[in-house]
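Chain by chain, the residues:
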Amino acid sequence: MAAATQSHDIKDDLFARLEDRYDEVAELTASLIRLPTVNPPGDAYEPCARLLGDRLAARGFTVEYLRAEGAVGDSDRYPRLNVVARIDGSGPGPCVHFNSHIDVVAPGEGWTVDPFAGEIRDGRVYGRGACDMKGGLAASIIAVESILDHGIDFPGAIEISGTVDEETGGYAGVAWLAERGHFSPPRVDHVIIPEPLYKDAVCLGHRGVWWSEVEVRGRIAHGSMPFLGVSAIRGMGALLAKIEDELYPRLAQRRTRMPVIPDPARQSTLNFNSLHGGLPEQNDVDGFPSALVADRCRLVLDRRYLLEEAEDDVKQEVVDLLEALKAERPDFDYQLRDLWSVPPTMTEPDAPVVRALDRAIEAVLGAPARHVASPGTYDQKHVARIGHLKDCVAYGPGILELAHQPDEYIEIDDMVASAKIMAAAALDLLNEVSP
Ligand SMILES: [Zn+2]
């Protein structure tokens, strides 16, 4: 159609404009990094939300500050402040929403640069959150600002949000907003989350999670006469052996149609998050520990599961092992407690937001887009489950492996390239034009 050639010229212009904003996207990322929005506890959320809101209000956006009062973690000391900015186009149409979390994890050890200085060097911006995901947030902002600067007429609306607490589950952020209709039609139709999953890849979703705690119970006795008690640690040892011999081989055989990266995550996995039995450790205390048979031993399991698996089956598999041990070992006793779970979610590869990003990636990078899925969860779960909005993916610059690492950085070129892709995809979705 005629609009296709026209949109081609518009996009070439837009891309040139975005290249001129190389320094600006770096500066914006650096200024976001300089606000240490470390979570937990949820520091500096308010200044970060205000920085975004002030900038976008000056560009004509309607800005709402939404504090998740009463949500987990919210307090006057650490207000869970989200910001949602919206700009309407020239008429009715769909809404494209860019959602980024503003929180970052603690810097940890091993940095050779100041994690909150926002240092710009050698074509990169360094700092905690550079890659996950203040660089993606900055890229989405300059993408949208370039559309506005260019005076491109578009129907519908564009929204940009900065939300809290993704690193701790997103309950005061995207989940809280989704419960209030911010991630559902008719308000929003397409959602792009600029998480760092490579500039040439569209992330369709993520695996599910089931966290649980197994407590094996024994009977206390004097350590010199263990035969008078029941060792919870020995019981736990039997469970670990069963998991090793029976469960791990089964999990390794389950492959998913989800394109999970890296490849070893394209199956069911199980991690032991922690294990503790007996008295607390006494590393720093002089003297001997007490001579006791351990009457409690606790194991925290982190099971990642697939689209093809049901959570009930995932649990039942562990219950079956525990029940088998109960039958084999007369003194074996246990309690299993659910800690947290999230079902897997995946947007289909032919969904509108995926197709628009595919086209934009090919146009900008000259190579077909890859489709991937994330080994861990992110806020897409809340958009899908609470917002009931299926047209949602993660797409953003940055290298997944750098997230949460020391000396985290983002390449400025990658931010510019992904900003072009986000801008082109947004225009496609708003206009529903197939180039
Ligand atoms: Zn993230």
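This one's a predicted model, so the numbers in the text were calculated from it and none came from an experiment.

## Focus: the sheet that holds strand E10 (residues 269-277)
Taken in spatial order, the 4 strands make up an open sheet running E10-E11-E9-E12, and their pairing is antiparallel. The sheet terminates laterally at E10 and strand E12 (333-342), the two strands that pair on one side only. Mean inter-strand twist for the sheet, computed between neighbouring axes without regard to direction, equals 15°. Sheet topology note: the E10/strand E11 (residues 296-305) ladder contains 8 bridges and is antiparallel. Its bridge partner lying in E11, Ser274 is registered against Val300.

## Some remarks on the domain arrangement of the chain
Taken domain by domain, the chain comprises domain 1 (2-206 + 344-430) and domain 2 (208-342). Between domain 1 and domain 2, the contact holds 10 residues from the first and 12 residues from the second. Of all the elements in the fold, those that place two or more residues in the side of domain 1 that touches domain 2 are strand E8 (201-206) and strand E14 (370-374). Looking at the side of domain 1 that touches domain 2 element by element, the count peaks at 3 residues for E14. Taken together, the residues that form the side of domain 1 that touches domain 2 break down as 6 nonpolar, 3 polar and 1 charged.

## Section: the nonpolar core
Counting residues in each nonpolar core, the largest one holds 103 residues, and the members touching the most others are Leu357, Val393 and Ala426. For this core, the element with the highest residue contribution is helix H10 (residues 412-431), accounting for 14 residues. When residues of this core are assigned to domains, at least three map to each of domain 1 (2-206 + 344-430) and domain 2 (208-342). The residues touching Leu357, leaving out its near neighbours within four places in the chain, are Val202, Ala369, Val393, Tyr395, Ile421 and Ala425.

## Let's talk about the sheet that holds strand E5 (residues 124-126)
Strand order across the open sheet formed by 3 strands is E4-E5-E16, with antiparallel pairing between neighbours. Two strands in the sheet have a free side with no partner beyond their single neighbour: strand E4 (120-121) and strand E16 (409-411). Sitting on the sheet, helix H4 (residues 130-149) touches E5 and E16, and the angle it makes with E16 is about 45°. Across the sheet, H10 lies against E5 and E16, angled at about 60° from E16, the strand it touches most.

## Side note on helix H2 (residues 22-33)
Taking 1.5 Å as the rise per residue, H2 with 12 residues should run 16 Å; its terminal C-alpha atoms sit 17 Å apart, in good agreement. On its buried side, H2 packs onto helix H3 (45-58), E4, E5, H4, E16 and H10.

## A short note on unusual backbone geometry
Following Pro40, the chain continues to Pro41 via a peptide bond in cis, the omega torsion being 15°. A cis geometry characterises the amide bond from Ile261 onward to Pro262, with omega recorded as -10°. At Ala44, a residue that is not glycine, the phi angle is positive and equals roughly 55°. Position of Ala44 among the secondary structure elements: in the loop between H2 and H3. One non-glycine residue, Tyr198, lies in positive phi territory at about 80°.

## Brief notes about the packing of helix H8 (residues 352-365) against H10
Between H8 and H10, whose axes approach to 8 Å, the crossing angle comes to 135°. In terms of orientation, H8 and H10 fall into the oblique class. Here H8 and H10 pass one another in a crossing that is right-handed. For the pair H8 and H10, contact is made by Pro352, Val353, Ala356, Leu357, Arg359, Ala360, Ile361, Ala363, Val364 and Leu365 and by Ala417, Lys420, Ile421, Ala424, Ala425, Asp428 and Leu429, respectively. Residues of the contact of H8 with H10, tallied by class, amount to 14 nonpolar, no polar and 3 charged.

Definitions and limits used
Residues numbered from 1 in each chain as written. Predicted model: local features only at pLDDT ≥ 70, side-chain atom pairs only at ≥ 80, totals over all residues. Pairing = 2+ DSSP bridges. Helix = DSSP H or I, 4+ residues; strand = E, 2+ residues; numbered from the N terminus. Axes fitted to C-alpha atoms, helices over the stretch in contact; angles between N-to-C directions. Domains from an automatic or database assignment. Contact = placed C-beta atoms within 7 Å. Nonpolar A, V, L, I, M, F, W, Y, C, P; charged D, E, K, R; others polar. Core = buried A, V, L, I, M, F, W, Y, C linked by C-beta atoms within 7 Å. Buried ≥ 20, exposed ≤ 12 C-beta atoms within 10 Å, placed from the backbone. Expected span 1.5 Å × (residues − 1). Parallel < 35°, antiparallel > 145°, perpendicular 65-115°, else oblique. Left-handed = near helix turned anticlockwise from the far one by under 90°.

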